[in-house]
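A look at the structure
Chain by chain, the residues:
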Amino acid sequence: MNKHDPITLYHGRTSVCSAKVRVGLVEKGLEWNSELLDLKAGEQFDPAYLALNPNGVVPTLVDGDLVVLESSLILEYIDSLSDRNPLMPTDPKAIVATRHWLLKCLDIHAAINTLTYATIQRSSILATKKPDQIAAMIARIPNPKAAAKRRDIIDNGLESAHVDGDLHALFNTFTEMSAALGRGKWLAGERHSMADIALIAYIDRLDRLGFDALWSGRFPEISPWLEAYRQRQSYLDAIEAFSPADVTAKMRTQGSAHWPRLEQKWQAYLQNR
Ligand SMILES: N[C@@H](CCC(=O)N[C@@H](CS)C(=O)NCC(=O)O)C(=O)O
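Definitions and cut-offs
Residues numbered from 1 in each chain as written. Predicted model: local features only at pLDDT ≥ 70, side-chain atom pairs only at ≥ 80, totals over all residues. Heavy atoms only, no water. Salt bridge = Lys/Arg side-chain N within 4 Å of Asp/Glu carboxyl O. Helix = DSSP H or I, 4+ residues; strand = E, 2+ residues; numbered from the N terminus. Buried < 20%, exposed > 50% of the residue type's maximum accessible area, 1.4 Å probe, protein only. Phe/Tyr/Trp six-rings, centres within 6.5 Å; stacked < 30°, edge-to-face > 60°. Pairing = 2+ DSSP bridges. Near = heavy atom within 4 Å. Areas by Shrake-Rupley, 256 points an atom, 1.4 Å probe, with all protein chains shown as cover. Nonpolar A, V, L, I, M, F, W, Y, C, P; charged D, E, K, R; others polar. Domains from an automatic or database assignment. 1 Å grid on protein atoms, 1.4 Å probe; cavity = no way out; pocket = protein on both sides within 12 Å on 5 of 7 lines; lining within 4 Å. Points joined across faces, edges and corners; volume = space filled by probe spheres on them.

Within the structure shown, the criterion is met by 14 salt bridges. For Lys-28, the salt bridge is made with Asp-79, and the minimal N-O distance between the two is 2.9 Å. Placement of Lys-28 in helix α1 (residues 16–28) and of Asp-79 in helix α3 (residues 71–80) is noted, with a sequence separation of 51 residues between them. Both residues of the pair, Lys-28 and Asp-79, count as buried. One salt bridge connects Arg-151 with Asp-155, and the closest N-O pair in it is separated by 2.9 Å. Taken together, the residues span about one helical turn, with Arg-151 and Asp-155 both in helix α6 (residues 144–156) at a distance of four residues. On the basis of relative accessibility, which here comes to 31%, the residue Arg-151 falls in the partly exposed class. What makes Asp-155 partly exposed here is its relative accessible area of 42%. Through salt bridges with shared partners, one network takes in Asp-204, Asp-207, Arg-208, Glu-227, Arg-230, Glu-240 and Arg-252.

For the structure on display, the rule yields 11 aromatic pairs. Ring centres of Phe-171 and Trp-266 lie 6.2 Å apart, and the angle between their planes is 55°; this geometry places the pair in the tilted category. Taken together, the positions of Phe-171 in helix α7 (residues 161–183) and Trp-266 in helix α11 (residues 245–272) put the pair 95 residues apart, joining distant regions of the chain. By the burial criterion, Phe-171 is buried, and Trp-266 matches it.

Moving on, we get to the pairing of strand β4 (residues 66–69). Note that strand β3 (residues 60–63) and β4 share four bridges and pair antiparallel. In the strand pairing of β4, Asp-63 is matched with Leu-66. If you look at the hairpin formed by β3 and β4, you'll find two residues sitting between the two strands, and Gly-64 has a positive phi there, around 65°.

So, on to the site of the ligand. Around the ligand there are 14 residues in total, and Cys-17, Gln-44, Val-58, Glu-70 and Ser-71 lie nearest to it. In isolation the ligand offers 520 Å² of accessible surface; the protein chains occlude 86% of this area. Residue assignment for the shell around the ligand shows that the elements contributing at least two residues are α1 and α4 (92–128). For the shell around the ligand, the element with the highest residue contribution is α4, accounting for three residues. Residues of the shell around the ligand, tallied by class, amount to eight nonpolar, four polar and two charged. Lining the shell around the ligand are residues from two domains, each supplying at least three of them: domain 1 (7–80) and domain 2 (92–272).

Here we come to empty space enclosed by the protein. Throughout the structure, instances matching the rule amount to one cavity of 30 Å³ or more. As for the largest cavity, its lining consists of 17 residues, and the residues nearest its centre are Thr-14, Arg-205, Arg-208, Ile-239 and Ser-243. Counting residues per element, the ones that place at least two in the lining of the largest cavity are α1, α8 (194–208) and α11. Top contributing element to the lining of the largest cavity by residue count: α8, with four residues. When the residues that make up the lining of the largest cavity are grouped by side-chain class, the tally is eight nonpolar, four polar and five charged. Residues from two domains meet in the lining of the largest cavity; each of domain 1 (7–80) and domain 2 (92–272) gives at least three.

Bringing the layout of surface pockets into the picture now. Taken as a whole, the second largest pocket spans an internal volume of roughly 180 Å³. Lining of the second largest pocket is provided by Lys-93, Ala-94, Ala-97, His-100, Trp-101, Glu-176, Ala-180, Arg-183, Gly-184, Leu-187, Ala-188 and Gly-189. When contributions to the lining of the second largest pocket are tallied by element, the ones reaching two or more residues are α4 and α7. With five residues, α4 is the single largest residue contributor to the lining of the second largest pocket. Of the residues that constitute the lining of the second largest pocket, the class distribution is six nonpolar, three polar and three charged.

Structural data, given as structure tokens:
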């Protein structure tokens, strides 16, 4: 039974942290109103939206007078709205493992943001915008840390100092995923849970960018997990249905063009660790 119907999700079509919340909504079978923002057009910076989410990012969940920010917190909240298909495990060890993944998402999101912006987004921005338009775009980002990162990534691409730290975060993520998936079919054990929902959109994005070699040789447990997830209805409804074929194809072609440099950086990281 839904206690708080309807809820409204402000989200972006190909935004990874929006996708993760949509997967949760589908898994829970909840009804929700969709407010799709065009992030490229800067709709996340409209004053009415900033009043809900002062950082000008998606997703935002609104339930009556409650506004929930941060995709991992939103997942926990929507799980509480219905008894159907509980997403949080009940075993204390699985609960702590799941909460660990939810917290880790902050680092993982930063890494996926870096790799997406340092490659395909940067190429597209540099090809279509003049320097003053780029400066104006960055000036709209309300969070000064996020704005400084965007500037650095656009200026330096994969040479940005952010990349090394984020490769470290990804290495840790793959190591932990690999260990967890060696113990059970899903990240928190034999049962699919919020831990898997938290991670799926991020790993899916790296794969769509053509960066799957980051894990495929060294962490062989990850690709079967990704493929198993891709069979779930929630993946089809919440991620695939929001990924137009031309966008997916472009992402892979353009992302793959950056792989040789990213691979050099990855090998250097692996050798120096
Ligand atoms: N930690 C936040 C990250 C939110 C975030 O950065 N969202 C991105 C999309 S995945 C966004 O809205 N970007 C807007 C922009 O780049 O201007 C969460 O998980 O909710």
